[in-house]
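A closer look at the structure
Here is how the chains run, residue by residue.
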Amino acid sequence: MHPPKRPSKRGLRLFGLVASAVLIAIVVIGLITRATQASSLKTWTDEQAIPTVNVVAPEPGKAGPVLDLPGRLEAFTRAPIYAQVSGYLKDWKTDIGAHVKTGELLGEIDTPELDQQLAQARADLVSAKANANLAEITAKRWQAMTGTDSVAQQDIDERTSDYTAKVALVSAAQANVDRLIATKAFARLVAPFDGVVTARDTDVGALINAGGGTGPEMFVVSDIHQLRVYVQVPQSDGPSIRPGSSAVLVVPEYPTREFHAKVVATSDAVNANSGTTLVQLLVDNADGALMPGAFAHVRFNLPVDAAALRVPASALIFDNAGLRVATIGAGDKVAFKKVSILYDFGKSVEIGSGLQAGDRVIDSPPDGIKDGEAVKIASDDATAKPHEKA
């Protein structure tokens, strides 16, 4: 049996060279792979360092804002009825809630003192007439003797003047009677117009003192076929609400019903204490559903401001620099702009100044974002173009 042959030196050298080449190739491939991965990691890290933001475009408002203000309802015409004669209330004919016509009797005052004054005045009138008749007869007799030497002209003139004075006293007495008769007519309290009795603050037997409008109201008659609505409008919105503008009223007792009103007048003046201007509206109340003195919500649909732009409320930034929005400027870099809010709609706001229609506004800007910082605009894969997806 022959012993195995040993490999030759030449074969061993060739094997070593091949093994060395394989090892070198493995090392080179490993270094290239590691360098490629490091470069990719650096690129990914750099890309992740640039914040990705969502961009929205400011849009003009499609509808104007709604101005909701508290209002006060008042009767179209309200007439408090006061006593113009003193006495005692004899009776009342109508109570609160009664519908009355013009001239309808509301109540009557018993006026014993006034009745006596009227009786005395009539007696004075009769006396004055009797004296005037006697003076007339006397004056005529004396005038008949004019031209004779039996009487002096002075005596005739005195009798004539006395008659004239007596006639004047008759006129005065008649005027006094007429005055008391007119005053007596006020003992009947009547409705000045068609309406509803909204107050009765007296009762039978109550002592009545003539107040001339300063005493207590005995009755109140209100015309409620239409109601006046008074609203205090902020100064900034005053120019948008003019006579002829429409509004919608909602009252607590009818939360699902809307009443339509129209602006009929404005005060054209600003209250220095509240900074508001008074606006008056009219609302029909043919069915009597609305009540004078009630509270109402008044909604005005303001016109659209063509220059105003709307953005999401989440785009606003409020910090020590004030109210701002972040926009994307040249080179996809952040540019802050100071803005002012015209109206707040909750999810969106209407910007009064500081933005232009072509601005790209960052929605929900990341915390710590700085002016001039580069950003990347996010794209929606569902709507992106093929080359954007790639």
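Provided above is the structure to which this section pertains.
Residues numbered from 1 in each chain as written. Predicted model: local features only at pLDDT ≥ 70, side-chain atom pairs only at ≥ 80, totals over all residues. Heavy atoms only, no water.

**Regarding unusual backbone geometry**
Phi at D268 is positive, roughly 55 degrees, even though this residue is not glycine. With respect to the secondary-structure elements, D268 resides in the loop between β12 (254–266) and β13 (276–284). In the Ramachandran plot, S364 falls in the positive-phi region, its phi being about 50 degrees despite a non-glycine side chain. Secondary-structure assignment places S364 in the loop between β21 (361–363) and β22 (376–377). On the basis of relative accessibility, which here comes to 47%, the residue S364 falls in the partly exposed class. (Helix = DSSP H or I, 4+ residues; strand = E, 2+ residues; numbered from the N terminus. Buried < 20%, exposed > 50% of the residue type's maximum accessible area, 1.4 Å probe, protein only.)

**So, the pairing of strand β18 (residues 334–338)**
Of the strand pairs in this sheet, strand β17 (residues 322–328) and β18 are connected by 5 bridges, and their pairing is antiparallel. Of the residues in β18, the one forming a bridge with A326 is F336. The loop that links β17 with its antiparallel partner β18 comprises 5 residues; one of these, G331, has a positive phi angle of about 70 degrees. (Pairing = 2+ DSSP bridges.)

**Points about the side chain of D223**
Mapped onto the fold, D223 is located in strand β10 (residues 219–234). Notably, D223 is buried but unbridged: the nearest opposite-charge side chain belongs to R228, and the N-O separation is 8.1 Å. Aside from chain neighbours lying at most four places away, what touches D223 is A75, F76, T77, F193, D194 and G195. (Lys, Arg positive; Asp, Glu negative; His and termini not counted. Salt bridge = Lys/Arg side-chain N within 4 Å of Asp/Glu carboxyl O. Contact = heavy atoms within 4.5 Å.)

**With respect to the packing of aromatic side chains**
Per the stated rule, a full pass over the model turns up 1 aromatic pair. R200 extends its terminal NZ or CZ atom over the ring of W92, reaching a point 4.1 Å from the ring centre. Positioned above the aromatic ring of F336, the side-chain terminus of R324 is 4.2 Å from the ring centre. (Phe/Tyr/Trp six-rings, centres within 6.5 Å; stacked < 30°, edge-to-face > 60°. Lys NZ or Arg CZ within 6 Å of the ring centre and 35° of its normal.)

**Concerning helix α2 (residues 112–144)**
With 33 residues, α2 should reach 48 Å at 1.5 Å per residue; the first-to-last C-alpha distance of 48 Å fits that figure. Restricting attention to buried positions, one finds in α2 the residues L114, L118, A121, L125, A128, A132, A135, A139 and W142. Among the structural elements, α3 (153–185) are those in contact with the buried residues of α2. (Expected span 1.5 Å × (residues − 1).)

**What about the sheet that holds strand β20 (residues 348–353)?**
Strand order in the open sheet made by the 4 strands is β2-β15-β20-β19, with antiparallel pairing throughout. A strand with exactly one partner marks an edge of an open sheet, and here the two such strands are β2 (59–60) and β19 (340–344). Where strand β15 (residues 309–312) lies against β20, 4 bridges are found, and the strand directions are antiparallel. Bridging from a neighbouring strand, R310 pairs with E350 of β20.

**As for the pairing of β20**
Judged from the 4 bridges that link them, β19 and β20 form a sheet pairing that is antiparallel. Following the sheet pairing, Y343 is matched in β20 by E350. In this structure, the hairpin formed by β19 and β20 is closed by a connection of 3 residues, where G346 is found at a positive phi of approximately 95 degrees.

**What about α3?**
For α3, spanning 33 residues, the distance from its first C-alpha to its last is 48 Å, which sits close to the expected 48 Å at 1.5 Å a residue. When α3 is considered as a whole, its buried residues turn out to be I156, V170, A173, V177, L180 and T183.

**Quick word on the sheet that holds strand β4 (residues 87–92)**
With antiparallel pairing, the 4 strands of this open sheet are ordered in space as β7-β6-β4-β9. Bordering the open sheet on either side are β7 (188–190) and β9 (207–208), each of which pairs with just one other strand. With 3 bridges connecting them, strand β6 (residues 105–110) and β7 associate as antiparallel partners. By the bridge assignment, E108 is partnered in β7 with R188.

**Considerations on the packing of α2 against α3**
In the contact formed by α2 and α3, the axes pass within 8 Å of each other and the chain directions differ by 160 degrees. On the basis of their axis angle, the class for α2 and α3 is roughly antiparallel. At the point where α2 passes α3, the crossing takes the left-handed sense. Residue composition of the contact of α2 with α3, grouped by class: 18 nonpolar, 8 polar and 10 charged. (Axes fitted to C-alpha atoms, helices over the stretch in contact; angles between N-to-C directions. Parallel < 35°, antiparallel > 145°, perpendicular 65-115°, else oblique. Left-handed = near helix turned anticlockwise from the far one by under 90°. Nonpolar A, V, L, I, M, F, W, Y, C, P; charged D, E, K, R; others polar.)

**Let's talk about a nonpolar patch on the surface**
A cluster of nonpolar side chains, contributed by L14, V18, V22, L23 and I26, occupies part of the molecular surface with about 480 Å² of accessible area. Checked against the element boundaries, I26 lands in helix α1 (residues 9–49). (Patch = residues over 30% accessible without salt bridge, like charges linked within 9 Å, V, L, I, M, F, W, Y side chains within 5 Å. Areas by Shrake-Rupley, 256 points an atom, 1.4 Å probe, with all protein chains shown as cover.)

**Focus on the pattern of salt bridges**
Taken as a whole and judged by the stated rule, the model has 15 salt bridges. In this structure, the salt-bridge partner of D162 is K166, at a minimum N-O distance of 2.7 Å. Of this pair, D162 and K166 are both found in helix α3, 4 residues apart, which corresponds to roughly one turn of the helix. The shortest N-O distance in the salt bridge between R360 and D332 comes to 3.5 Å. In this pair, R360 is assigned in the loop between β20 and β21 and D332 in the loop between β17 and β18, connecting sequence segments 28 residues apart. On the basis of relative accessibility, which here comes to 32%, the residue D332 falls in the partly exposed class.

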